[in-house]
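# Analysis of the macromolecular model
So the chains spell out like this:
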Amino acid sequence: CGTRVPPGTPPLTVTFDSIDTGGTTSVTLLDPVTAPALPPASGYSIGNPAIYYDVSTTAALAPGSGATLCFDYSGIDFGSDTPRLLHYEGGAWTDITTSVDAATTTVCGLTTSFSPFTIVGKDAPFYTRTGFYSPVSMVPGFVNTAKGGSTIPLKFNVTSTASS
């Protein structure tokens, strides 16, 4: 998403892939006390303050298309956790995060329907990387070096720890 929500406007931008008919999109703050609760032991934590949005639109999405929602999360404290965008659909919260930009404090997600959304923190890494052969390392701060033109054998696993 990359663009910051301008000051004085709602903390959300919506970009539709394709629509059949135009309409009006509205954003309402929900009461955190009555908003659907996160499942226990989900690895997600509510930010401080807890913010829940109900997003609705009268626009009709074209078949097979979606919309990218980008929320400004400035002013919400997640501690050391990484912000994630959750969408409440089918009676459960689903992580729809597609990007997080710490420089603009914006988190984006792709959806095909509209209902409650919340921005939460995630306390675990999203991906673990294991099995890299030398001279390649995924350790932060390690500089990977090899002789120019040389072949570097790679074997790796990428495992998602995000909830599905």
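This text gives an overview of the structure that appears in the document. (Residues numbered from 1 in each chain as written. Predicted model: local features only at pLDDT ≥ 70, side-chain atom pairs only at ≥ 80, totals over all residues. Heavy atoms only, no water.)

Along its length, the chain carries 0 helices and 14 strands. Approximately 9,400 Å² of the chain is accessible, and the part contributed by carbon and sulfur atoms is 57%. (Helix = DSSP H or I, 4+ residues; strand = E, 2+ residues; numbered from the N terminus. Areas by Shrake-Rupley, 256 points an atom, 1.4 Å probe, with all protein chains shown as cover.)

With that settled, consider the nonpolar core. By size, the foremost hydrophobic cluster in this structure holds 16 residues, and its most contacted members are Val55, Leu69, Phe71, Leu85, Phe117 and Ile119. Elements supplying a minimum of two residues to this core: strand 5 (52-57), strand 7 (67-72) and strand 12 (116-122). Ranked by residues supplied to this core, first place goes to strand 7 with 3 residues. Excluding residues within four positions of it along the chain, Leu69 makes contact with Leu12, Thr13, Val14, Val55, Leu85, Val107, Cys108, Gly109, Thr111, Phe114 and Phe117. Within the second largest apolar cluster, 7 residues are counted, among which are Ala35, Tyr44, Tyr52 and Trp93. (Core = buried A, V, L, I, M, F, W, Y, C linked by side-chain atoms within 4.5 Å. Buried < 20%, exposed > 50% of the residue type's maximum accessible area, 1.4 Å probe, protein only. Contact = heavy atoms within 4.5 Å.)

What follows is about the side chain of His87. In this fold, His87 is placed in strand 8 (residues 82-89). At a separation of 2.8 Å, a polar atom in the side chain of His87 contacts the side chain of Ser115. (Polar contact = N/O pair within 3.5 Å; in protein donor to acceptor, adjacent residues only side chain to side chain.)

The topology assignment puts Gly64 in the loop between strand 6 (60-61) and strand 7. Between the alpha carbons of Gly64 and Ser18 there is a distance of 8.9 Å; along the sequence they are 46 residues apart.

Here the focus is the environment of Leu12. Relative to the helices and strands, Leu12 resides in strand 1 (residues 12-16). What makes Leu12 buried here is its relative accessible area of 11%. In this structure the C-alpha to C-alpha distance between Leu12 and Cys70, which are 58 residues apart in sequence, comes to 5.5 Å.

What follows is about the state of the cysteines. Applying the stated rule across the entire model yields 1 disulfide. Note that Cys70 is cross-linked by a disulfide to Cys108, the S-S spacing being 2.1 Å. Measuring the twist about the S-S bond at about 110 degrees, one finds the Cys70-Cys108 disulfide to be right-handed. One end of the pair, Cys70, is in strand 7; the other, Cys108, is in strand 11 (residues 106-111), and 38 residues separate them in sequence. Across the pair, Cys108 and Cys70 agree in class, each one buried. (Disulfide = S-S within 2.5 Å.)

Moving on: the pairing of strand 9 (residues 92-95). With burial as the criterion, only one face of strand 9 is covered, namely that bearing Trp93 and Asp95; the residues Ala92 and Thr94 on the opposite face remain uncovered. Across 4 bridges, the pairing between strand 8 and strand 9 is antiparallel. Within strand 9, the residue paired with Glu89 across the bridge is Ala92. In sequence, strand 8 turns back onto strand 9 through a hairpin of 2 residues, with Gly90 there showing a positive phi of about 60 degrees. (Pairing = 2+ DSSP bridges.)

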